[in-house]
Amino acid sequence: MRLKGLRIVFAVLTLGAAGTSFAADASSNAKDLVTTRVTVTGAVEHPLDLAVADLGRLPPHRITEVPLICQSGANRGKLENIRGVRLRDLLDSATIVAPDHNDVKKMVIIATASDGYKVVFSWSELFNSPVGDGVVVFFERDGMPLADDEGRIALVSAADIRTGPRHVKWLQGIEVRKIVD
Ligand SMILES: Nc1nc2c(c(=O)[nH]1)N[C@H]1C(S)=C(S)[C@@H](COP(=O)(O)O)O[C@H]1N2
Ligand SMILES: [Mo]
C-alpha cells in the first residue's frame with residue numbers, strides 16, 4: 001500500500017517534469033515558427049508576397065471576441081480584439097483566375113503554416129456563404145503585433161462551430177487551386 005502510494009507520487013512528479021520541459025520546447029519552437037510575410041499563390045493573376053505593413057493597407061476587419069474550441073470540443077480560451085483583413089479581400093487583390101463561368105465552384109483555398117499545418121476553404125464558403133465574412137488573416141491584438149505563440153500573421157474562421165482547427169497560427173501561405181475539371 002505504502003509502496004503503491006510512493007509509486008503514484010513518483011509517476012506524478014515524472015509527468016510534471018515532462019510537462020514542464022515540453023512547455024519550454026514549445027515556446028522555443030514557436031520562435032522558429034514565427035512568420036512575418038504571407039504569400040498568395042496558385043490560380044491568381046497577381047501572386048502576392050505581403051509583409052504585415054502591406055496587410056495593414058487593405059480594408060481592416062476587426063473581431064472583438066471569438067471563443068476557441070478544439071476539434072475535440074475542449075475549450076482553448078478566446079481570441080480578443082484582433083485586427084486583420086478578410087481572406088476574401090486578400091484573394092480579390094490577387095484576382096482569382098477563373099475563365100470559365102463554373103471554375104470558381106471547383107476551387108479551394110489552402111492556408112499553410114510554417115509548421116506544415118494546413119486547412120482548406122472552398123471558394124463557395126468564402127465568397128458565397130456567411131462563413132466568408134468571418135475568415136480573417138490577422139496581425140494585431142490590442143493594437144500590438146502578435147506574439148511568438150501565433151507568429152506575426154495568423155488566420156481564423158470566426159463563424160466555425162469549432163474554431164480551433166481553422167485558427168491557423170504562423171500563417172505562411174494561401175494557395176488557390178482548382179481541384180476538379
Ligand atoms: N500552425 C498551427 N496552427 C494550429 C494548430 C497547429 O498544429 N499548427 N493546431 C490547431 C488546433 S486543432 C487547435 S485546437 C489550436 C491549438 O492551439 P493551442 O495549442 O495554442 O491551444 O491551434 C490550431 N492552430
Ligand atoms: Mo484542436
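Residues numbered from 1 in each chain as written. Chains lettered and ligands numbered in written order. Predicted model: local features only at pLDDT ≥ 70, side-chain atom pairs only at ≥ 80, totals over all residues. Heavy atoms only, no water.

### Comments concerning the packing of aromatic side chains
Convention followed: Only Phe, Tyr and Trp rings are paired, with Trp represented by its six-membered ring, and only when their centres lie within 6.5 Å; those with planes under 30 degrees apart are stacked, over 60 edge-to-face, the remainder tilted. Secondary structure counts use DSSP, requiring at least four H or I residues in a row for a helix and at least two E residues in a row for a strand, with both numbered from the N terminus.
This model, assessed by the stated rule, comprises 1 aromatic pair. When the centroid spacing of 5.2 Å and the interplanar angle of 10° are considered together, the rings of tryptophan 123 and phenylalanine 127 count as stacked. Here tryptophan 123 pairs with phenylalanine 127, and both are found in helix α4 (residues 123-127), just 4 residues apart, close to one helical turn.

### So, the site of ligand 1
What counts, and what does not: Proximity criterion: a residue is near a molecule or strand once any of its heavy atoms comes within 4 Å of it. Definition of a polar contact: a pair of N or O atoms within 3.5 Å, with one able to donate and the other able to accept a hydrogen when the atoms are protein atoms, and with sequence-neighbouring residues admitted only if both atoms are side-chain atoms. Per-residue and other accessible areas were derived by the Shrake-Rupley procedure at a 1.4 Å probe size, with only the shown protein chains allowed to occlude residues. Amino acid classes used here: Ala, Val, Leu, Ile, Met, Phe, Trp, Tyr, Cys and Pro are nonpolar; Asp, Glu, Lys and Arg are charged; the rest, including Gly, are polar.
Around ligand 1, a shell composed of Cys70, Arg76, Ala113, Asp115, Tyr117, Gly164, Pro165, His167, Lys169 and Trp170 is seen. Contacts to ligand 1 include aspartate 115, whose side-chain N or O atom sits 2.7 Å from a nitrogen atom. Take lysine 169: an N or O atom from its main chain is 2.9 Å from a nitrogen atom of ligand 1. Within the complex, 71% of the 530 Å² of free accessible area of ligand 1 lies under protein. Residues that form the shell around ligand 1 fall into these classes: 5 nonpolar, 2 polar and 3 charged.

### Topic: the sheet that holds strand β6 (residues 118-122)
The strands making up a sheet are joined through hydrogen bonds of the backbone, oriented either antiparallel or parallel. Here is the rule: A pair of strands is considered paired only if DSSP assigns at least 2 bridges between the two. With axes taken as lines fitted to C-alpha atoms, and helix axes fitted only over the stretch in contact, angles between N-to-C directions fall between 0 and 180 degrees. Contacts are assigned to residue pairs with any non-hydrogen atoms lying within 4.5 Å of each other.
With respect to topology, 5 strands assemble into an open sheet ordered β2-β1-β10-β5-β6, the strand pairing being mixed. Strands with a single pairing partner mark the edges of an open sheet, and in this sheet they are β2 (48-51) and β6. The mean angle between the axes of side-by-side strands here comes to 15°, regardless of whether they run parallel or antiparallel. In this structure, strand β5 (residues 107-113) lies alongside strand β10 (residues 171-178), joined through 7 bridges in antiparallel fashion. Counterpart to alanine 111 in the pairing with β10 is isoleucine 174. In the packing of helix α3 (residues 87-94) onto the sheet, the strands contacted are β1 (37-42), β2, β5, β6 and β10, and the crossing angle to β2 comes to about 130°.

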